[in-house]
Amino acid sequence: MVEAFALTKCFSDFWALQGISLKVSPGEILALLGPNGAGKTTTIRILAAVLRPTSGRATVCGYDVLTDGPAVRSLVGVLTEFPGLYDRMSARSYLEFFGQLHRVPGPVLRRRVSELIDYFGLGEAVDRRLGTLSKGMRQKVALIRALIHDPKVLFLDEPTSAMDPAGARQVRDFIAGLRRSDRATIICTHNLAEAELLADRIAVIARGRIVADGKPGELKRLFAGPPVFELRFTGSPDAAREALDGRVRVVDLGPNYVRYQVDDPGRNPGLVERLVGAGVGVLSLAEVSPSLEDVYLRILGGEGTS
Ligand code: ATP
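Computed from a prediction, not measured in an experiment: that's the story for all the values here.

**Details of the packing of aromatic side chains**
Inference 1: Summed over the entire model, instances satisfying the criterion amount to six aromatic pairs.
Inference 2: Ring centres of Tyr94 and Phe98 lie 4.9 Å apart, and the angle between their planes is 55°; this geometry places the pair in the tilted category. Remark: Phe98 and Tyr94 occur in helix H3 (residues 91-101); sequence separation between them is four residues, near one turn of the helix.
Inference 3: With a relative accessible area of 0%, Tyr94 lands in the buried category.
Inference 4: Since its relative accessible area comes to 13%, Phe98 is described here as buried.
Inference 5: Through a chain of ring-to-ring contacts, the aromatic side chains of Tyr94, Phe97 and Phe98 assemble into a single cluster.

**Some points on helix H4 (residues 106-119)**
Inference 1: The first and last C-alpha atoms of H4 sit 20 Å apart over 14 residues, in line with the 20 Å expected at 1.5 Å per residue.
Inference 2: Here H4 has its buried residues at Leu109, Arg112, Val113, Leu116 and Ile117. All buried residues of H4 project into a common sector of 125° when viewed along the axis, lining one side. Turned more than 90 degrees from where H4 packs its buried face, Pro107, Arg111 and Asp118 sit exposed.
Inference 3: In this fold, the buried residues of H4 make contact with H3, helix H5 (135-147) and helix H6 (165-177).
Inference 4: Looking one or two places after H4, you find Gly121, whose phi comes out positive at around 65°.

**Section: the domain arrangement of the protein**
Inference 1: When its domains are assigned, the protein resolves into domain 1 (2-214) and domain 2 (222-292).
Inference 2: Centre-to-centre separation of domain 1 and domain 2, based on C-alpha positions: 44 Å.

**Side note on a nonpolar patch on the surface**
Inference 1: Residues Tyr86, Phe97 and Leu101 make up a contiguous nonpolar surface patch of about 290 Å² in total accessible area.
Inference 2: Along the chain, Tyr86 falls in the loop between strand S6 (76-79) and H3.

**Examining the nonpolar core**
Inference 1: Counting residues in each nonpolar core, the largest one holds 35 residues, and the members touching the most others are Phe120, Val141, Ile144 and Ile175.
Inference 2: Of all the secondary structure elements, the ones that give two or more residues to this core are H3, H4, H5, strand S7 (153-157) and H6.
Inference 3: Among the elements that line this core, the one with the most residues is H5, at six residues.
Inference 4: Setting aside its immediate chain neighbours within four residues, Ile175 contacts Ile29, Leu156, Pro159, Thr185, Ile187 and Leu198.

**Examining the site of the ligand**
Inference 1: Of all residues adjacent to the ligand, which total 13 residues, the nearest are Gly37, Lys40, Thr41, Thr42 and His190.
Inference 2: One of the side-chain N or O atoms of Thr41 is found 2.6 Å from an oxygen atom in the ligand.
Inference 3: In the environment of the ligand, an oxygen atom lies 2.9 Å from a nitrogen or oxygen atom belonging to the side chain of His190.
Inference 4: For the ligand, the protein covers 63% of the area, taking 640 Å² as the surface of the free molecule.
Inference 5: Mapped onto the shell around the ligand, the elements with two or more residues apiece are strand S2 (14-24) and helix H1 (40-47).
Inference 6: Looking at which element gives the most residues to the shell around the ligand, the answer is H1, with three residues.
Inference 7: Looking at the shell around the ligand residue by residue, the classes come out as five nonpolar, six polar and two charged.

**Details of the environment of Trp15**
Inference 1: Take Trp15: it is sitting in strand S2.
Inference 2: Expressed as a C-alpha distance, the spacing of Trp15 and Gly39, which sit 24 residues apart in the sequence, is 9.5 Å.

**Considerations on the packing of H3 against H4**
Inference 1: Look at H3 against H4: their axes get within 10 Å of each other, and the N-to-C directions meet at 135°. Here H3 is positioned oblique relative to H4, judged by the angle of their axes. In this structure, H3 crosses over H4, and the sense of that crossing is right-handed. The segment H3 lies against H4, with Arg92, Leu95, Glu96, Gly99 and Gln100 engaging Leu109, Arg110, Val113, Ser114 and Ile117.

**Details of unusual backbone geometry**
Inference 1: Positive phi outside glycine occurs at Ala6, with the angle close to 55°.
Inference 2: Positioned with a positive phi, Asp182 is a non-glycine residue whose angle comes to about 65°.
Inference 3: The partly exposed category is assigned to Asp182, whose relative accessible area is 45%.

**Concerning the side chain of His149**
Inference 1: Looking at the element boundaries, His149 is found in the loop between H5 and S7.
Inference 2: Of the residues examined, His149 reaches a relative accessible area of 13% and is grouped as buried.
Inference 3: Setting aside residues up to four positions removed in sequence, His149 forms contacts with Arg73, Ser74, Val76, Gly77, His102, Val104 and Arg112.

**As for the sheet that holds strand S3 (residues 29-33)**
Inference 1: The mixed open sheet is built from six strands, whose spatial order is S6-S7-S8-S3-S9-S10. Strands at the two margins of the open sheet, each flanked by one partner only, are S6 and strand S10 (209-214). Pairwise comparison of adjacent strand axes, ignoring direction, gives a mean angle of 15° for this sheet.

What counts and what doesn't
Residues numbered from 1 in each chain as written. Predicted model: local features only at pLDDT ≥ 70, side-chain atom pairs only at ≥ 80, totals over all residues. Heavy atoms only, no water. Phe/Tyr/Trp six-rings, centres within 6.5 Å; stacked < 30°, edge-to-face > 60°. Helix = DSSP H or I, 4+ residues; strand = E, 2+ residues; numbered from the N terminus. Buried < 20%, exposed > 50% of the residue type's maximum accessible area, 1.4 Å probe, protein only. Expected span 1.5 Å × (residues − 1). Arc of directions from axis to C-beta. Contact = heavy atoms within 4.5 Å. Domains from an automatic or database assignment. Patch = residues over 30% accessible without salt bridge, like charges linked within 9 Å, V, L, I, M, F, W, Y side chains within 5 Å. Areas by Shrake-Rupley, 256 points an atom, 1.4 Å probe, with all protein chains shown as cover. Salt bridge = Lys/Arg side-chain N within 4 Å of Asp/Glu carboxyl O. Core = buried A, V, L, I, M, F, W, Y, C linked by side-chain atoms within 4.5 Å. Near = heavy atom within 4 Å. Polar contact = N/O pair within 3.5 Å; in protein donor to acceptor, adjacent residues only side chain to side chain. Nonpolar A, V, L, I, M, F, W, Y, C, P; charged D, E, K, R; others polar. Axes fitted to C-alpha atoms, helices over the stretch in contact; angles between N-to-C directions. Parallel < 35°, antiparallel > 145°, perpendicular 65-115°, else oblique. Left-handed = near helix turned anticlockwise from the far one by under 90°. Pairing = 2+ DSSP bridges.

Quick look at the structure:
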């Protein structure tokens, strides 16, 4: 549904994108991760046909972003990081105005605005001027604007950054529900927990290049590194550290737990015996599943990017 091949973008003499290729299928949610300035927004702007690439190709639902710009723009819904809202308009008039621009028929538009307003809990705020709404409410209005013409493809830049936890969950549930309607969605986010919850696939961009692309589980297997074990104990942390000294690489030591890596996990039972012998009470021992954050930082570490 969305395909990009070798996209580059040069601003003056700065190469913001240096060959981005990606695919998003119907019903799929792709999270685009990467440090500030990596090129995520630039990629989305090209895919939404609002910015021309310097070279490369991209299509949305088969339409070329370079030659079929109007068709692409009518098929995509875009939530930008800094949506320009018209502060003097009420949220309802603003949404109806954008719906009209997209030629959504009147009765359909009014029903859709009401449904989305109800879903996102905007309530009476919808008849207030946009300039008087809170940041989270404004972000919801911008999201509804992106959805107003029922687009086949959604590009969402930091969709929950201004929202309180309840609002963020509402939006995440909504995005997750998009899978059922066969839409293709790309989310740019710095919220790795959100990416892990929502994304079918994750692409990491650094310095204008995709440096990793895969399902969250695949990326974890590829980039997580040696397994980390967590042992919970009662007794003195110093005694635990002494008993393990030279036998494992301690990653983290707390008052009642130690996280470590060991070259041969088959040595774990021996380590437990040693700890017990040193008077440390072992409560549990388990492998720790790496977080997406660990994996992400490892991927970027390999890139020499902070
Ligand atoms: P963030 O996470 O901070 O939103 P991003 O990954 O979305 O970052 P982009 O906004 O795509 O990054 O920017 C990529 C690079 O291109 C940055 O160095 C940025 O300064 C540069 N850039 C983006 N737009 C322009 C422009 N119109 N003119 C010049 N440089 C630009």
